[in-house]
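# Reading the structure
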Amino acid sequence: MGFSWDNIRSRLNMMPMAAVAVPLAVGIVFSYRFVVPPLLWLAAAAVSVTAAIFAIRTGRRGAYAALCAALFSAGALRMSLDTPPQPPYGEPRMMTLRFEEPSVIRGRSSLASARIVRCEDFDFGHSVIRVTVWGDSTMMFSRGDEIVLRGVIRSFDRRNGRFADMAFRRGTVGSVSLFGNVVCEFRPAKRNSLHDKASAKLCSLLPDDDARRTILSMTTGERNRTNPELRRIYARGGAAHLLAVSGLHVGIVFMLVNALLRLVPVVRYGNIWRNILAVAAVWLYVAMCGSPPSAVRAGAMFTVLQLSVFSSRAYSGMNALAVAAAVMLLISPRLVFDVGFRLSFIAVAAILLWGIPLYMRVRSHSRVLNALSSTLIIGVVATAATMPLVSNVFGTVSVIGIPLNPLVVLSANAIIFSSVAALLLPSAAAAYVVMPAYWCARLQNEAVAHAAALPWGCFEWRLSDGATAAVYALFVAATVAAWGFRRKR
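Residues numbered from 1 in each chain as written. Predicted model: local features only at pLDDT ≥ 70, side-chain atom pairs only at ≥ 80, totals over all residues. Heavy atoms only, no water.

## Let's talk about the overall build of the protein chain
A tally of helices and strands in the protein chain yields 18 helices and 12 strands. Out of the 489 residues in the protein chain, the part that is buried amounts to 44%. Here the analysis covers contacts within the protein chain between residues at least 6 apart in sequence; of these, 73% occur between residues at least 24 apart. Of the accessible surface of the protein chain, which amounts to about 25500 Å², a share of 65% is contributed by carbon and sulfur atoms. (Helix = DSSP H or I, 4+ residues; strand = E, 2+ residues; numbered from the N terminus. Buried < 20%, exposed > 50% of the residue type's maximum accessible area, 1.4 Å probe, protein only. Contact = heavy atoms within 4.5 Å. Areas by Shrake-Rupley, 256 points an atom, 1.4 Å probe, with all protein chains shown as cover.)

And the structure:
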């Protein structure tokens with residue numbers, strides 16, 4: 001095995017789009033920290049693009065630096081145009097709230113995220129203004145529900161520190177409390193959607209216990225049915241991501257669909273039909289989950305991946321991931337501050353950069369062993385890569401999550417496959433098909449509970465922002481250094 005800089009340059013040349021999202025994200029963060037008029041960012045972007053075109057046409061150096069400057073300016077410009085107006089704090093007004101996420105229980109209260117649709121004597125134009133809604137534990141709302149009330153928008157107390165800063169960065173401007181306020185009207189969302197039908201069918205097939213709640217959370221995104229104790233156990237065991245539909249769940253559907261359609265390319269135009277059916281299946285699953293933001297982001301990433309496989313002979317997953325991330329940041333720049341977006345991006349990048357190369361070194365001729373080894377490697381790599389960010393945001397480090405996650409990823413595959421298959425079949429056959437998911441969910445809950453009970457399995461430790469950035473900088477440096485080594489034939 002020898003080290004060569006040419007190896008590094010060749011790998012970088014294979015991923016020309018991989019660095020697109022980085023200057024764009026840095027520009028968004030910079031614009032959030034330092035307020036600059038949008039016209040200045042527009043002028044900077046125009047100058048950078050002109051310089052890049054001139055450098056490319058004349059063959060001079062500096063084209064890549066000019067393109068990075070243009071992407072930086074574009075991100076800063078997009079963020080400067082996304083600043084919501086300040087709502088009327090502390091003034092009682094009639095307002096209409098539409099819930100974007102289902103309510104969850106926090107202690108003795110319910111918590112939900114909603115956007116302000118209308119507000120008395122206040123015009124916010126096309127801006128999206130979100131608030132956190134607190135209520136009694138009996139006040140549980142679903143995605144799409146609307147309430148009309150006379151209430152007060154209160155700004156977050158800056159003394160809350162981290163919570164207030166994270167809320168502002170994600171575009172949440174304050175909170176509305178339902179305690180003492182009278183809800184004048186309640187407008188429930190339509191319950192005939194694909195998500196509601198899927199949840200109702202699973203409820204009719206399974207007994208009312210924690211296993212059913214786990215299946216509903218993992219398959220249809222019904223988090224409001226999960227009790228706080230179950231969420232606490234999963235968080236301590238390092239498996240909390242299983243209870244919220246995200247890139248893992250969409251990725252399982254993505255892989256299962258491609259595995260089931262592997263023989264389709266044999267027929268005429270089979271490759272085209274395979275990609276169309278795979279993308280349609282991914283978005284059908286996203287709709288069945290109620291289209292939460294995390295699932296929509298994952299659906300967009302896997303759609304780009306699927307189309308990249310179809311359109312490229314030599315395709316790089318990092319190119320597809322970077323393009324998907326850049327497009328989503330241009331549409332919604334505040335995603336750069338969203339924990340779920342960052343966790344998904346880091347996990348997928350780690351699987352592409354470390355998981356797949358490790359799997360290629362240990363794979364064998366046995367499909368069963370390959371399936372087990374790939375699951376083990378993906379679980380360990382994704383858990384280790386996201387651990388610094390989890391420590392920075394949530395202040396916990398789940399050591400037991402590293403050996404536990406490969407096991408629960410195996411059970412997650414079985415749960416999602418069995419549950420989705422049951423939803424596609426008539427009720428008589430679905431009652432038998434869904435039982436493997438039920439018993440896997442029971443075993444998974446017991447395994448996570450035993451892991452969470454270990455005193456050394458989880459401990460409190462919060463990495464600072466600088467330390468977190470330094471850890472990921474070391475990850476990048478180690479990755480680039482590993483590219484320089486190549487086995488001798």
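## As for the packing of aromatic side chains
Overall, the coordinates contain nine aromatic pairs when judged by the stated rule. Relative to F141, the ring of F99 lies with its centre 4.3 Å away and its plane at 10°, an arrangement referred to as stacked. You can see F99 sitting in strand β2 (residues 93-99) and its partner F141 sitting in the loop between β5 (130-136) and β6 (146-151), a full 42 residues away along the chain. F141 matches F99 in its accessibility class, with the two residues each being buried. Ring centres of Y472 and F475 lie 5.6 Å apart, and the angle between their planes is 85°; this geometry places the pair in the edge-to-face category. (Phe/Tyr/Trp six-rings, centres within 6.5 Å; stacked < 30°, edge-to-face > 60°.)

## Side note on the packing of helix α9 (residues 247-260) against helix α10 (residues 270-288)
The description of two packed helices rests on the angle between their axes and on the distance between the axes. Put simply, α9 and α10 touch, their axes get as near as 9 Å, and they point 150° apart. Overall, the two elements α9 and α10 adopt an arrangement that is roughly antiparallel. α10 is crossed by α9, and the crossing has right-handed handedness. Two secondary-structure elements touch here, α9 through H249, V250, V253, F254, V257 and N258 and α10 through R274, L277, A278, A281, V282, Y285 and V286. Looking at the contact of α9 with α10 residue by residue, the classes come out as 10 nonpolar, two polar and one charged. (Axes fitted to C-alpha atoms, helices over the stretch in contact; angles between N-to-C directions. Parallel < 35°, antiparallel > 145°, perpendicular 65-115°, else oblique. Left-handed = near helix turned anticlockwise from the far one by under 90°. Nonpolar A, V, L, I, M, F, W, Y, C, P; charged D, E, K, R; others polar.)

## Notes on the environment of R143
Here R143 is to be found in the loop between β5 and β6. Sequence-wise, R143 and E101 are 42 residues apart; in three dimensions their C-alpha atoms are separated by 5.0 Å.

## What to know about helix α6 (residues 194-205)
Taking 1.5 Å per residue, 12 residues should reach 16 Å; α6 reaches 17 Å between its end C-alpha atoms and fits that length. Buried within α6 we find H195, D196, A198, S199, K201, L202, C203 and L205. The elements touched by buried residues of α6 are α7 (210-219), α10, α15 (401-424) and α16 (427-433). (Expected span 1.5 Å × (residues − 1).)

## A closer look at the pattern of salt bridges
All chains considered together, the criterion is met by 12 salt bridges. The salt bridge partner of R334 is D82, with a shortest N-O separation of 3.0 Å. Of the two residues, R334 is situated in the loop between α12 (317-331) and α13 (339-362) and D82 in the loop between α4 (63-80) and β2; the sequence distance between them amounts to 252 residues. The exposure class assigned to R334 is buried, which follows from its relative accessible area of 11%. Here D210 makes a salt bridge to R213, at a shortest N to O gap of 2.8 Å. (Salt bridge = Lys/Arg side-chain N within 4 Å of Asp/Glu carboxyl O.)

## Observations concerning the confidence of the model for the protein chain
Put simply, the protein chain has an average pLDDT of 81, and 89% of its residues get 70 or more. By mean pLDDT, strand β1 (residues 2-3) is the weakest element of the protein chain at 60, and helix α17 (residues 435-453) is the strongest at 91. (pLDDT = per-residue confidence, 0-100.)

## Digging into the packing of helix α14 (residues 367-394) against helix α18 (residues 465-483)
Between α14 and α18, the shortest axis-to-axis distance is 9 Å and the interhelical angle comes to 170°. As summarised for this structure, α14 and α18 are arranged roughly antiparallel, according to the angle between their axes. Together, A384, A385, T386, P388, L389 and N392 of α14 and D465, T468, V471, Y472 and F475 of α18 make up the contact between the two elements. Broken down by class, the residue content of the contact of α14 with α18 amounts to seven nonpolar, three polar and one charged.

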